[in-house]
Amino acid sequence: MKLTVVGCSGSFPSADSACSSYLIEAEGYRLLLDLGNGALGELQKYCGLYDIDAIALSHLHPDHCIDMCGYFVARYYRYEGGPCAPLPVYGPEATERRLTAAYADTPSEKSMSEVFDFRTLTPGAAFQLGPLTVRTERVTHPVEAYGFRVEHEGRSLCYSGDSGPCDGLASLARGADLFLCEASFTHGKEDLPEVHLNGRQAGELAGRAGAERLVLTHIPPWTDAQVNLCDAKAAFDGPVELARPGAVYHI
C-alpha cells in the first residue's frame, strides 16, 4: 500500500496544511480517508478528481468532511459527459443528510446521491474495497466517529480518525505496520479524554497495540507539534514522526 498525506491539520487548516485527508493506493485502486477543509485542492496534486474509487469518512465534523461539498460540485456539474457515476462513500448514519444540508443549494434532496453512493458504517464491520480489506470500530468522540484499519497482502494501516483513548482504537491498531494517530492535545494542558488524544497517549496506545511505526496527525495550529512528538517518543520505543502534507509511506 502507498499512503499519501493530503492534509493533516486538526480543527482548521494551518498556513501549511489542509485538514484531514489521506490517500491510500494499492494495485491501481484509490481509497480516500476523510476530506476536510482545504483538502480537495490539495488532493489534485496527487491524483485526478475522477480517479478516486471510494471514500470513507471517519465522522461528520467539518475538518474531516466539508470538502465533500466541493467534490459534489466537481462530480455533479462535470463539464464533459454529465454527472459522474455514483462513488461509494462510507460514513456515519445520516452522512447524506448532513452533507446535503451543508451544501444547501443542491438541485434536489437526492442530487448528492446521484454522484455519491452513501453507505452507513457500523462498529466491528469488515468490507472489501478493491484489493483492500477495511475494518471499522467506533471510537470515543462527541459525535459518532470511527477508526479504520486497512489491510493489503499481510500489511496494515490503522487510522484513528478523531478519538480519545478507547478499546476500539486499541483493537484496530494491534500489530499495525503504520499507526496514523491523532494527537490534538498537549499532555498536562487539556484534560478531555473523551474528545482527543495527546502525544503521550498516542505513544502509549501505539506501544500497547504493538504497532511498528507511529505517525502523529491532526495537530491543530495552536498545539506545539514538537512537544507532542517528544511526548510520544518518550512513551513509544518504535519510530515516531509528525505527519506532513505530501508525505508518502509505503506499507
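As the structure is a computational prediction, the values presented were derived from the model and not from experiment.

Enquirer: Describe in detail the packing of helix α7 (residues 199–209) against helix α8 (residues 225–235), supporting the description with residues and values.
Expert: The N-to-C vectors of α7 and α8 enclose an angle of 30 degrees; their axes lie 7 Å apart at closest approach. Taken together, the axis directions place α7 and α8 in an arrangement best described as roughly parallel. Pair α7 / α8 crosses with right-handed handedness. For the pair formed by α7 and α8, the contact residues are Gly199, Arg200, Gly203 and Glu204 on the first element and Asn228, Asp231, Ala232 and Ala235 on the second. Among the residues forming the contact of α7 with α8, the class breakdown is 2 nonpolar, 3 polar and 3 charged.

Enquirer: Talk me through the packing of aromatic side chains; I want residue IDs and the actual numbers.
Expert: Tallied over the entire structure, the rule returns 9 aromatic pairs. Here Tyr22 and Tyr159 contribute two aromatic rings whose centre-to-centre distance is 5.0 Å and whose plane-to-plane angle is 55 degrees, an arrangement assigned as tilted. Of this pair, Tyr22 sits in strand β2 (residues 21–26) while Tyr159 is found in strand β10 (residues 155–159), placing the two residues 137 residues apart along the sequence. For the pair formed by Tyr22 and Tyr159, the shared burial category is buried. Following the ring pairs from residue to residue traces out a cluster consisting of Phe72, Tyr76, Tyr77 and Tyr103.

Enquirer: Pulling in residues and values, what's your account of the sheet that holds strand β8 (residues 132–138)?
Expert: Consider a sheet: its strands pair through backbone hydrogen bonds, and that pairing is either parallel or antiparallel. Judged by pairing direction, the sheet is mixed, and its 7 strands sit side by side in the order β7-β8-β9-β10-β11-β12-β13 without closing on themselves. Two strands bound the open sheet, and with one partner strand each, they are β7 (126–129) and β13 (240–242). Strand after strand, the sheet turns through a mean of 20 degrees between neighbouring axes, direction not considered. As paired elements, strand β11 (residues 178–182) and strand β12 (residues 214–217) share 4 bridges and run parallel to each other. Counted as the bridge partner of Leu180 is Val215 from β12.

Enquirer: So, the sheet that holds strand β14 (residues 248–250): which residues are in play, and what are the values?
Expert: Pairing is mixed across the open sheet formed by 7 strands, whose spatial order is β6-β5-β4-β3-β2-β1-β14. Edge positions in the sheet fall to β6 (116–120) and β14, since each of these pairs with one other strand and no more. Here the average twist between neighbouring strands, direction ignored, is 20 degrees. As judged from the 3 bridges shared by strand β3 (residues 29–33) and strand β4 (residues 54–56), these two strands associate in the parallel manner. Its bridge partner lying in β4, Leu31 is registered against Ala54. Along the sheet face, helix α3 (residues 68–76) touches β4, β5 (87–91) and β6 and points at about 145 degrees away from the line of β6.

Enquirer: How would you sum up unusual backbone geometry? Please name residues and give values.
Expert: A positive phi angle is found at Ala94, which is not glycine, with a value near 75 degrees. By the secondary structure assignment, Ala94 is in the loop between β5 and α4 (95–103). Even without being glycine, His218 reaches a positive phi, approximately 60 degrees. Mapped onto the fold, His218 is located in the loop between β12 and α8.

The rules behind each value
- Residues numbered from 1 in each chain as written.
- Predicted model: local features only at pLDDT ≥ 70, side-chain atom pairs only at ≥ 80, totals over all residues.
- Heavy atoms only, no water.
- Axes fitted to C-alpha atoms, helices over the stretch in contact; angles between N-to-C directions.
- Helix = DSSP H or I, 4+ residues; strand = E, 2+ residues; numbered from the N terminus.
- Parallel < 35°, antiparallel > 145°, perpendicular 65-115°, else oblique.
- Left-handed = near helix turned anticlockwise from the far one by under 90°.
- Contact = heavy atoms within 4.5 Å.
- Nonpolar A, V, L, I, M, F, W, Y, C, P; charged D, E, K, R; others polar.
- Phe/Tyr/Trp six-rings, centres within 6.5 Å; stacked < 30°, edge-to-face > 60°.
- Buried < 20%, exposed > 50% of the residue type's maximum accessible area, 1.4 Å probe, protein only.
- Pairing = 2+ DSSP bridges.

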